[in-house]
Amino acid sequence: MSIRENGIVIDEARAAGELRSEIRGSMNKDSCVRLSAYTITPESEQQIKETLEEILSRFGQTDMLMTAAIILKEIATNAVKANLKHLLLQSRSETEAAAFLPEFRRILQTGGTSAYRAQLAAAGLKIEICLQFDASGLRLSARNGFPVEGAERDRLNDKWSKALQGGDMRHFFDRNRADAEARKLAQQIHV
């Protein structure tokens, strides 16, 4: 079993059946399933969706699957982006980092995070996804591999504050993320 200190490693190289078995075993033992990954691939996205579906079906709440999957994919993707940004900018001066940001945005827009999987793994920058559940509800979270501080933390807290005001997820994306990637994500969520 590959349950590690911070969760079941979801990796495109692992057999889907093996992962499903580990995830179900974890759900049967605990009220929290922890999944970890270096990037979000279509395979890992499918495992996340199936895990959500199994949890929600236990409580007769499968109608919440699409909403939960969209939210979890967004926060997991942001955690991967934060890890990649940290990896690519950590050894650069402020001036070099500012000059590199357009290239970083291009990497994100072209889906290039998976090209850095080996580097993220070597640096130990995995994300941890936690699906905590019981009869009173489902709590979703994703953490990146290092602490977020300063202006970046303030920006993220501001986004969460706006998100907690409720409303439609598509409107949230439109209001809070002007780039084309966000609109594409809101329109092309695979659930």
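Here, the structure is the one placed above.
Throughout, a residue's number is its position along its own chain's written sequence, starting from 1. Under the rules for a predicted model, residues below a pLDDT of 70 receive no local features and side-chain atom pairs below 80 are neither given nor counted, while totals for whole chains, interfaces and linings still include all residues. Calculated side-chain values reflect all of the structure's heavy atoms, with hydrogen atoms and water omitted.

**Q** Quick question: what am I supposed to make of the packing of aromatic side chains here?
**A** When two rings of Phe, Tyr or Trp (its six-membered ring) have centres within 6.5 Å they constitute a pair, described as stacked for plane angles under 30 degrees, edge-to-face for angles over 60, and tilted for the intermediate range. In total, this model carries one aromatic pair according to the counting rule given. Arg92 extends its terminal NZ or CZ atom over the ring of Phe100, reaching a point 3.9 Å from the ring centre. Only lysine NZ and arginine CZ atoms are considered, and such an atom sits over a ring when it is within 6 Å of the ring centre and within 35 degrees of the ring normal.

**Q** Is there a simple way to explain the pattern of salt bridges in this structure?
**A** Opposite charge on two side chains lets them pair, provided their charged atoms get close. Should a side-chain nitrogen of Lys or Arg be within 4 Å of a carboxyl oxygen of Asp or Glu, the pair is scored as a salt bridge. The full count for this structure, using the stated rule, is seven salt bridges. We note a salt bridge from Lys73 to Glu45, for which the minimum N-O separation is 3.2 Å. Taken together, the residues span a long stretch of sequence, with Lys73 in helix α3 (residues 65–89) and Glu45 in helix α2 (residues 42–58) at a distance of 28 residues. Here Glu128 ties to Arg143 by a salt bridge, and the two come within 2.8 Å at their closest N and O atoms. Placement of Glu128 in strand β4 (residues 127–134) and of Arg143 in strand β5 (residues 137–143) is noted, with a sequence separation of 15 residues between them. The buried label goes to any residue with under 20% of its type's maximum accessible area, the exposed label to any with over 50%, and the partly exposed label to all in between, with areas taken from a 1.4 Å probe on protein chains only. For Glu128, a relative accessible area of 8% gives the class buried. A run of DSSP states H or I qualifies as a helix once it reaches four residues; a run of E qualifies as a strand once it reaches two. Both are numbered from the N-terminal end.

**Q** Any chance you could explain the pairing of strand β3 (residues 32–37) here in plain terms?
**A** Side chains on a regular strand alternate between the two faces of the sheet. Within β3, five of the six residues are buried, which leaves it mostly tucked inside the rest of the structure. Strand pairing is assigned whenever DSSP detects at least two bridges linking the two strands. Direction of pairing for strand β2 (residues 7–9) relative to β3: parallel, over a ladder of two bridges. Counterpart to Ile8 in the pairing with β3 is Leu35. As paired strands, β3 and β4 are joined by six bridges and run antiparallel to one another. Bridge assignment links Leu35 to a residue of β4, and that residue is Ile129.

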